[in-house]
Amino acid sequence: MRLVLVGPPGAGKGTQAQFLAAHYSIPHISTGDIFRANLKANTPLGQEAKTFMDAGQLVPDSVTNAMVKDRLTWDDLANGFLLDGFPRNVVQAEVLRAILAEKSTPLDAVLELSIPNELIIARLSSRRTCRACGQPATPEAANCGACGGELYQREDDKAEVIGKRLEVYEEQTEPIIHFYRTEGLLITIDADGEISEITERATTALARVKA
Ligand code: AMP
């Protein structure tokens, strides 16, 4: 299964991506996670991405596209992949289509997680993230439920940056919904509800797609 997951920040892409990647035995490729890992390790890529990430803006396409192109050469893609957070604009969607066309491995589906803006703002502004493993947590939690690591609030989950991220989503990422609908790849599900319910909706919808 070659799958793209798309949806606004806070729609639960990362959480659903983990379940879906396990379900289909495919790697979960999150561009946000790759950037954050580079930030933590203070690599040149991390340094380059930091200002954009902290401001809630997109890292330039030249940097992001090269990173994804490289990731898609790894030898763990026999069963496919799940891209989370990429593409985020039409140029990236076109680059992805070209990379995959070259390998004769086109996408099977694009799953859109749909959720109202009010819910997003509430979710993101209260989200905490584990410094060690990246799992999300609630503000009440003392430590990460998955690994016990220290929790922090992502710079881009602070109230002043959330609005910017939503604006970037509407202006730059929403046009890819139309792009993929035209390509006949788009599947939209309601992303409001229990995590397991949403996974169920996703796998039911994706069962109609070639495995
Ligand atoms: P995420 O964890 O997916 O919300 O991504 C966090 C941040 O990483 C975004 O707000 C962007 O600054 C950057 N980022 C992640 N994916 C992309 C992408 N496909 N294109 C440009 N920037 C990205």
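One numbering rule holds for all chains: residues counted from 1, following each sequence as written. Given that this is a predicted model, residues contribute local features only at a pLDDT of at least 70 and side-chain atom pairs are listed and counted only at 80 or more, while totals for whole chains, interfaces and linings are drawn from all residues. Excluding hydrogens and water, the side-chain values take into account all heavy atoms of the structure.

## Regarding helix α5 (residues 90–102)
Selection rule: Starting at the N terminus, helices and strands are each numbered in turn, a helix being any DSSP run of H or I of at least four residues and a strand any DSSP run of E of at least two. Expected helix span is computed as 1.5 Å times (number of residues minus one). Here a residue-residue contact requires only that any non-hydrogen atoms of the pair lie within 4.5 Å.
Along its 13 residues, α5 runs 18 Å from first to last C-alpha, staying within 8% of the 18 Å computed at 1.5 Å per residue. For α5, the secondary structure elements touched by its buried residues are β1 (2–6), α4 (61–71), β3 (81–84) and α7 (159–182). Directly after α5, the chain includes S104, whose backbone phi takes a positive value near 55 degrees.

## Concerning the site of the ligand
Counted only if it meets this: Near, as used in this document, describes a residue that has one of its heavy atoms within 4 Å of the molecule or strand being considered. A 3.5 Å cut-off defines polar contacts: any pair of N or O atoms within that distance qualifies, except that in protein one atom must be a possible hydrogen donor and the other a possible acceptor, and neighbouring residues in sequence count only when both atoms are side-chain atoms. Following the grouping adopted for this structure description, the nonpolar residues are Ala, Val, Leu, Ile, Met, Phe, Trp, Tyr, Cys and Pro, the charged ones are Asp, Glu, Lys and Arg, and the polar ones are all others, Gly among them.
Among the 16 residues in the neighbourhood of the ligand, the closest are listed as T31, R36, Q57, G85 and Q92. Measuring from an oxygen atom of the ligand, one finds a backbone N or O atom of Q57 at 2.6 Å. Contacts to the ligand include V59, whose backbone N or O atom sits 3.0 Å from a nitrogen atom. The element contributing the most residues to the shell around the ligand is helix α2 (residues 31–40), with 4 residues. For the shell around the ligand, the class distribution of residues is 5 nonpolar, 6 polar and 5 charged.

## Looking at the sheet that holds strand β8 (residues 186–190)
To keep things clear, this is the line we draw: Any two strands with at least two DSSP-identified bridges between them are counted as paired. Each axis is a line fitted through C-alpha atoms, taken for helices only over the stretch in contact, and angles between the N-to-C directions span 0 to 180 degrees.
Pairing is parallel in the open sheet, where 5 strands are placed in the order β2-β3-β1-β4-β8. At either margin of the open sheet sits one strand with a lone partner, and together these are β2 (28–30) and β8. When the angles between neighbouring strand axes are averaged without regard to direction, this sheet yields 20 degrees. Inspection of the sheet shows β1 paired to β3 by 4 bridges, in the parallel sense. Paired with V4 across the strands is L83, a residue of β3. Where helix α1 (residues 13–24) meets the sheet, it contacts β1, β2, β3 and β4 (109–114), and its direction lies at approximately 180 degrees from that of β3.

## Some remarks on helix α3 (residues 44–54)
Keep this limit in mind: Residue burial is assigned from relative accessible area. The probe radius is 1.4 Å, only protein chains are included, and a residue is buried under 20% of its type maximum, exposed over 50%, and partly exposed in between. Summarising the geometry, the arc corresponds to the directions from the helix axis toward the C-beta atoms.
When we look at burial in α3, the residues that qualify are G46, A49 and M53. Burial along α3 is one-sided: seen end-on, the buried residues are contained in an arc of 75 degrees. In this structure, α3 carries P44 and T51 as exposed residues pointing more than 90 degrees from its buried face. In the core, the buried residues of α3 are packed alongside α2.

Bear in mind that shape data such as this cannot, by itself, settle questions of function.
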